[in-house]
Amino acid sequence: MTRMLASVTGIEEAEIALSGGVDIVDLKDPKAGALGAVSTETMRRTISFIAGRAPVSAVCGDLPMEPETIRIKAEEIAATGVDYVKIGFFPSANISACAQALEPLAARTKLIAVLFADLAPDFELLPIFARHRFHGVMVDTAQKGKGRLLDHLPPERIPGFVDRTKSLGLMVGLSGSLEAPDIPRLLPFAPDFLGFRGALCGHSGRTSSISAEAVSQIRELIPAESGTGDQSSIDYRLLAARGYSPDTDPTLGTDRIFVRDFVLPVQIGAYSFEHGHTQKVRFDVAADVLQITDHPEDMRHVFSYDIIMDGIRTIVARGHIQLSEALAEQVAAHVLENQRVVRVTVRVEKLELGPGGVGVEIERKRQSAGRGAASGTAGRKDRSVVFRPRQERPEMLRRAIVKLGGSTAHAAEMKSWIAALAGSRLPIVIVPGGGLFADHVRETQTRMDFSDTAAHAMAILAMEQFGHVILDRDERLTPARSLDEIGRALEAGKVPVWLPSSLALPALDVPASWDITSDSLAAWLAGKLGANALLLIKQTGAFFDGDTADSLRTRGIVDPGFAAMLPDGVDFHLAGPKDAAEAGAMLALGKLPGTRIVASTGSSAKKAG
């Protein structure tokens, strides 16, 4: 779940923030710049007042990019006992040296690197922060009052930043003059936290005091989860802000939200002359959305049309699309991912192929959507089931392989995922990712220049390291090294966690290559066990119903060898942070969470297993 960070100036504002239920209290002096620091004495007093009720972060100030200056200030702030130290990295040739100077401190304190959306941030710095043991990276804005985060970092660029940061094992945050309407636009990207200051001050400006009313409004837009991690701890009233509405009033109807005449340059077309450049495409989208109140007052009560436009921009940014029909299907799938949307109409019109427009219009609806869902258009009923809810898939599973990505290790959702898997009624086998342990292998290989064969063995052992972390989190899980051990555990009703070295290292059909990661090994194990389902749990939400194993490989979401390792006939699902909340309930009912993915766009790939 995404957490709420509130920037406060001291004890008085910290009390308001805590009473409003914020997740992280951030100490900052807004009168002293983008990252203005409060005094260390104020930090100590506020930490003492908070007394562990919430994690505390503190900024170091707007410091010059001088390694020793930054190191001394960060050490001083860390000595106050804060949980996180935030350091601003302004454009400079010294950034790498500054990060390196902080590595000894990063070994004992959680450091958060802050990049600035309005200062042309270089996301190639992310591996540098990971290498020097930073805990996380966030994007903020340096020049307050000169635009919000989304004015400088468009929505289509955010998934790449979030996904890459998490893939490096780093916590990720978004901030920068965020307002209430920004929240439903940013939540689908699943950052670990969203940061606020000005929005908590009402209309008085970020240098004024925060107000309880403003804190409450922002808090209610961000779904909250209590510390238990149990399914019962989810506040579904707040989840309605992200489209989940299991208890909507049956007497209410639907609203129609629309986007008209939205024109973007798109790489689209099946003809050779249409490749290599963009052409203007006009989008018209209308969504029938379940109401949650007949007295809408603020962003908690509406479905934002910005979500539709952000989704279109993100889909278009992926690259060339062959068919208008495929583009329309992807837009419809994106809109229908919101549980409040019962029907969507999408019109895609290419504007540069003649004197008029040409294109396609489709209508898709959520099957069994309940009240307010109109019947499908005559002659199109067969198409309406394409986007049926995932939980309605009827087939029984013999057994399922579930790969829990190592990138979840630093995510708030990890506890929920492990609890959900441990309580599964499905016969599942957990395959651990390599995560941070495998990243260390990659870094060490670069420094020591050993072979891919040696790195392959180490990376498999890295999976075992994360496997032991998973086993340590729930006593219902049991280790298993061989096919026989896995089989016996399943027969006994247990949930085995596969420790892969005994099986995978001597296997002749597992190449010793970085093209083969835990993704491919999970697919390989599915073949060995005769499983008929595979679920990959990733720390990303940048996948869609129209995706295939090949398109996921192209975007780096699965490894290059995955499609060839995936056996024929295996029901392949992909899940991200947004699926964690409902995973426990679905697995307890014997159903897989996540989005079903088409195995491949072609049949030429060699299948293993």
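Reading the values: the criteria
- Residues numbered from 1 in each chain as written.
- Predicted model: local features only at pLDDT ≥ 70, side-chain atom pairs only at ≥ 80, totals over all residues.
- Heavy atoms only, no water.
- Helix = DSSP H or I, 4+ residues; strand = E, 2+ residues; numbered from the N terminus.
- Expected span 1.5 Å × (residues − 1).
- Buried < 20%, exposed > 50% of the residue type's maximum accessible area, 1.4 Å probe, protein only.
- Contact = heavy atoms within 4.5 Å.
- Phe/Tyr/Trp six-rings, centres within 6.5 Å; stacked < 30°, edge-to-face > 60°.
- Lys NZ or Arg CZ within 6 Å of the ring centre and 35° of its normal.
- Pairing = 2+ DSSP bridges.
- Axes fitted to C-alpha atoms, helices over the stretch in contact; angles between N-to-C directions.
- Patch = residues over 30% accessible without salt bridge, like charges linked within 9 Å, V, L, I, M, F, W, Y side chains within 5 Å.
- Areas by Shrake-Rupley, 256 points an atom, 1.4 Å probe, with all protein chains shown as cover.
- Salt bridge = Lys/Arg side-chain N within 4 Å of Asp/Glu carboxyl O.
- Polar contact = N/O pair within 3.5 Å; in protein donor to acceptor, adjacent residues only side chain to side chain.

### Digging into helix α12 (residues 305-317)
For α12, spanning 13 residues, the distance from its first C-alpha to its last is 19 Å, which sits close to the expected 18 Å at 1.5 Å a residue. Of all 13 residues making up α12, ten are buried, and the element is well covered by its neighbours. Listed as buried for α12 are Asp-306, Ile-307, Ile-308, Met-309, Asp-310, Gly-311, Ile-312, Thr-314, Ile-315 and Val-316. The inward-facing, buried residues of α12 contact α8 (158-167), α9 (183-186), β9 (254-266), β10 (279-290) and α13 (324-336). Of the residues one or two after α12, Gly-319 is the one with positive phi, at around 130 degrees.

### Considering the packing of aromatic side chains
For the coordinates displayed, the defined rule picks out seven aromatic pairs. Taking 5.2 Å as the distance between ring centres and 55 degrees as the angle between the ring planes, the aromatic pair formed by Phe-129 and Phe-134 counts as tilted. Note on accessibility: Phe-129 and Phe-134 belong to one class, buried. Pairing Phe-562 with Phe-572 gives two aromatic rings, centres 4.9 Å apart and planes at 50 degrees, and the pair type is tilted. In this pair, Phe-562 is assigned in helix α22 (residues 562-565) and Phe-572 in strand β18 (residues 571-575), connecting sequence segments ten residues apart. Through pairs of rings, three or more aromatic residues link up here, namely Phe-89, Phe-129 and Phe-134. Positioned above the aromatic ring of Phe-49 is the side chain of Arg-53, whose terminal nitrogen or guanidinium carbon lies 4.9 Å from the ring centre. Taking the ring centre of Phe-258 as reference, the NZ or CZ of Arg-260 above it sits at 4.0 Å.

### A short note on the sheet that holds strand β3 (residues 56-59)
A barrel is described by the order of its strands in space; here eight strands give the closed sequence β1-β2-β3-β4-β5-β6-β7-β8, paired in parallel fashion. Between one strand axis and the next, the sheet turns by 25 degrees as a mean value, whatever way the strands run. Alignment of strand β4 (residues 84-88) against strand β5 (residues 110-116), held across five bridges, turns out to be parallel. In the sheet register, Lys-86 faces β5, and the bridge partner there is Ile-112. Packing of helix α2 (residues 40-50) onto the sheet brings it into contact with β2 (24-27) and β3, and relative to β3 it is tilted by some 165 degrees.

### Side note on a nonpolar patch on the surface
Taken together, Tyr-271, Phe-273, Leu-353 and Val-358 make up a surface patch of nonpolar side chains, about 420 Å² in accessible area. Tracing the backbone through its elements, the reader meets Val-358 in strand β12 (residues 358-365). Relative accessible area serves as the criterion here: at 41%, Val-358 is assigned to the partly exposed category.

### So, the side chain of Ser-304
Of note, Ser-304 is situated in the loop between β10 and α12. Separated by 3.1 Å, the side chain of Ser-304 and the backbone nitrogen of Asp-306 make a polar contact.

### A look at the pattern of salt bridges
Where charged atoms from two side chains of opposite charge approach closely, those side chains can pair. With the rule as written, the count across this model stands at 30 salt bridges. Ionic pairing is found between Glu-349 and Arg-347, a salt bridge with its closest N-O pair at 3.7 Å. Between Asp-474 and Arg-476 there is a salt bridge whose closest N-O contact spans 3.0 Å. Salt bridges sharing common partners tie together Asp-261, Arg-282, Arg-347, Glu-349 and Glu-361.

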